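What follows is each chain in one-letter form.
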Amino acid sequence: MRVVSVPDGLAGERVDTAMARMFGFSRNRCAELISQGLVVLDGDTAAKSARVDAGAMLEVTIPEEADPLAIRPEVVEGVGIIHDDDDVVVVDKPVGVAVHPSPGWTGPTLVGHLRAAGFTIATSGASERQGIVQRLDVGTSGVMVVCKSERAYSVLKNAFRDREVEKTYHALVQGHPDPLEGTIDAPIGRHRGADWRFTVREDGKPSVTHYATLEAHRFASLLEVHLETGRTHQIRVHMSALRHPCVADLTYGADPTLAARVGLERQWLHAVRLGFAHPDDGRWVTYDSPYPTDLERALDVVRGSA
């Protein structure tokens, strides 16, 4: 709380104007504090339209604002531990969980779960994503690795950068891609009209996706996808560009009627396999994640379509 006496030069001003002058706040910030009942003028809660007198006592409570990048330890239901050793922890990330904190995200995070569960993670990297060498979207489930040792972080960060990691996804997409097996080599950048979306654009970052059809059904096809690069939303953007968006991926043009039919509220996309040279001794290791219940159920609906 800050308590000040109104100087003579501000006598007769509105309280929000006086606050802005004395504290260096914006008028909007002053109005917010007044509307929240955090401003007291001569013992009474101030109204925005109140005028101040010289010598009046102004008490302002300034709440501490939460750091949007602070890690909040919280055990998250559904996070699976596939493998754990001195260097890495391999996890099965459920849908609805972000990998690390970010502005605008208030839900659970994987790093918050690991901290609450007692895992010690490497300190390399930005504070909110220490130990993180890869990410999965909030709406994408599956296997991923987090580094526990500094050596592991260095080795795996380079491995991901140099495309020496095997990243395999399964995606259920609308229709039937033609050809049934192929490579999409199209740069990806932020969408000019919506900063939270991405799109294929000439000035984007190089992005390469390989796909092969595993199953073809009446309304949709199950694909196995391998990534050379790891752009945000890469598979979703590339499949949408082919006019075969992931089933239920409404952000990238999926049919909402089909999404409702299969009972999904997120894109049908799952990281099924991750392979890399272990940072301790270089041996090749592979970890798998089965389909979660919602994706399995949706696939069964598609398989059963006449």
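Rules and cut-offs
- Residues numbered from 1 in each chain as written.
- Predicted model: local features only at pLDDT ≥ 70, side-chain atom pairs only at ≥ 80, totals over all residues.
- Heavy atoms only, no water.
- Buried < 20%, exposed > 50% of the residue type's maximum accessible area, 1.4 Å probe, protein only.
- Patch = residues over 30% accessible without salt bridge, like charges linked within 9 Å, V, L, I, M, F, W, Y side chains within 5 Å.
- Areas by Shrake-Rupley, 256 points an atom, 1.4 Å probe, with all protein chains shown as cover.
- Salt bridge = Lys/Arg side-chain N within 4 Å of Asp/Glu carboxyl O.
- Pairing = 2+ DSSP bridges.
- Helix = DSSP H or I, 4+ residues; strand = E, 2+ residues; numbered from the N terminus.
- Contact = heavy atoms within 4.5 Å.
- Axes fitted to C-alpha atoms, helices over the stretch in contact; angles between N-to-C directions.
- Phe/Tyr/Trp six-rings, centres within 6.5 Å; stacked < 30°, edge-to-face > 60°.
- Arc of directions from axis to C-beta.
- Core = buried A, V, L, I, M, F, W, Y, C linked by side-chain atoms within 4.5 Å.
- Parallel < 35°, antiparallel > 145°, perpendicular 65-115°, else oblique.
- Left-handed = near helix turned anticlockwise from the far one by under 90°.

Enquirer: Describe unusual backbone geometry, with residues and values.
Expert: Put simply, Asp 178 and Pro 179 share a cis peptide bond, and its omega is 5°. At Arg 243, a residue that is not glycine, the phi angle is positive and equals roughly 65°. Residue classification places Arg 243 among the exposed residues on the basis of a relative accessible area of 73%.

Enquirer: Tell me about a nonpolar patch on the surface, and please be specific about residues and values.
Expert: Residues Met 1, Val 3 and Met 57 make up a contiguous nonpolar surface patch of about 310 Å² in total accessible area. Residue class for Val 3 comes out partly exposed when judged on its relative accessible area of 47%.

Enquirer: Summarise the sheet that holds strand β4 (residues 57-60); cite the residues concerned and give the values.
Expert: Hydrogen bonds between backbone groups are what pair the strands of a sheet, and the pairing can be parallel or antiparallel. Pairing is antiparallel across the open sheet formed by 4 strands, whose spatial order is β1-β4-β2-β3. Bordering the open sheet on either side are β1 (2-5) and β3 (44-45), each of which pairs with just one other strand. Relative to β4, strand β2 (residues 39-41) runs antiparallel, the two sharing 3 bridges. Residue Val 39 lies in a different strand from β4, and its bridge partner there is Val 60. With respect to the sheet, helix α1 (residues 15-23) is in contact with β1, β2 and β4, its orientation differing from that of β4 by roughly 75°.

Enquirer: Tell me about the pairing of strand β6 (residues 88-93), residues and numbers included.
Expert: Taken across its 6 residues, β6 has 6 buried, putting it largely inside the fold. Judged by which residues are buried, β6 turns out to be covered on both faces: Val 88, Val 90 and Asp 92 on one side and Val 89, Val 91 and Lys 93 on the other are all buried. For strand β5 (residues 80-84) and β6, the ladder comprises 4 bridges, and the chain directions are antiparallel. Within the sheet, the bridge partner assigned to Gly 80 lies in β6 and is Asp 92. Taking the residues between adjacent antiparallel strands as the criterion, β5 and β6 are bridged by 3 residues.

Enquirer: Run through the packing of aromatic side chains, naming residues and quoting values.
Expert: In the structure shown here, the tally under the stated rule is 3 aromatic pairs. Here the aromatic rings of Phe 276 and Tyr 287 are separated by 6.0 Å at their centres, their planes lie at 40°, and the arrangement is tilted. On the criterion of sequence distance, the pair formed by Phe 276 in strand β14 (residues 269-277) and Tyr 287 in strand β15 (residues 284-288) is long-range, its members being 11 residues apart. Taking relative accessible area as the criterion, Phe 276 reaches 0% and is therefore assigned buried.

Enquirer: Provide a residue-level description of the pattern of salt bridges, including the pertinent values.
Expert: One pass over the structure, following the stated rule, counts 17 salt bridges. Two residues, Arg 236 and Asp 137, come together in a salt bridge whose shortest N-O distance is 3.2 Å. In this pair, Arg 236 sits in helix α5 (residues 234-241) while Asp 137 sits in the loop between α3 (110-116) and β7 (141-147), placing the two residues 99 residues apart along the sequence. Among the residues examined, Arg 236 registers a relative accessible area of 7% and is labelled buried. Among the charged side chains, a network of salt bridges with common partners joins Glu 215, Glu 296, Asp 300 and Arg 303.

Enquirer: So what's going on with the environment of Pro 279? Which residues, and what values?
Expert: By secondary structure assignment, the location of Pro 279 is in the loop between β14 and β15. Here the alpha-carbon distance between Pro 279 and Pro 7, two residues 272 residues apart in the chain, equals 65 Å. Residue contacts for Pro 279: discarding those within four places in its chain leaves Asp 87, Val 88, Arg 151, Ala 152, Val 155 and Leu 156.

Enquirer: With reference to specific residues and values, describe helix α7 (residues 293-303).
Expert: Where α7 is concerned, the buried positions are Asp 294, Leu 295, Ala 298, Leu 299 and Val 302. Relative to the axis of α7, the buried residues are bounded by an arc of 130° and lie together on one face. Packing partners of the buried residues in α7 comprise β7, β8 (166-174), β12 (208-216), β13 (220-227), α6 (256-262) and β14.

Enquirer: Before we move on, could you go through α5 and cite the residues and values that matter?
Expert: With 6 of 8 residues buried, α5 is to be regarded as a mostly interior element. Every buried residue of α5 is listed here: Gln 234, Ile 235, Arg 236, Val 237, His 238 and Met 239. A positive backbone phi angle near 65° is found at Arg 243, which sits one or two residues after α5.

Enquirer: Summarise the side chain of Asp 16; cite the residues concerned and give the values.
Expert: Within the secondary structure, Asp 16 is located in helix α1. When residues no more than four places from it in sequence are discounted, the contact partners of Asp 16 are Arg 27, Cys 30, Ile 34 and Lys 48.

Enquirer: Before we move on, could you go through the nonpolar core and cite the residues and values that matter?
Expert: Judged by nonpolar contacts, the single largest core of 47 residues is most densely connected at Val 145, Ile 235 and Phe 276. Beyond its immediate chain neighbours, meaning those up to four positions away, Phe 276 contacts Val 90, Val 145, Leu 156, Val 165, Arg 283, Trp 284, Val 285 and Tyr 287. Core analysis: the second largest hydrophobic core is formed by 17 residues, Val 15, Ala 20, Val 39 and Ala 46 among them.

Enquirer: Describe the packing of α1 against helix α2 (residues 27-35), with residues and values.
Expert: For the pair α1 and α2, the least separation of the axes is 9 Å and the interaxial angle reads 120°. Taken together, the axis directions place α1 and α2 in an arrangement best described as oblique. Judged by the twist between their axes, the crossing of α1 over α2 is right-handed. Facing α1, whose interface residues are Val 15, Asp 16, Thr 17, Met 19 and Ala 20, α2 presents Arg 27, Cys 30, Leu 33 and Ile 34.

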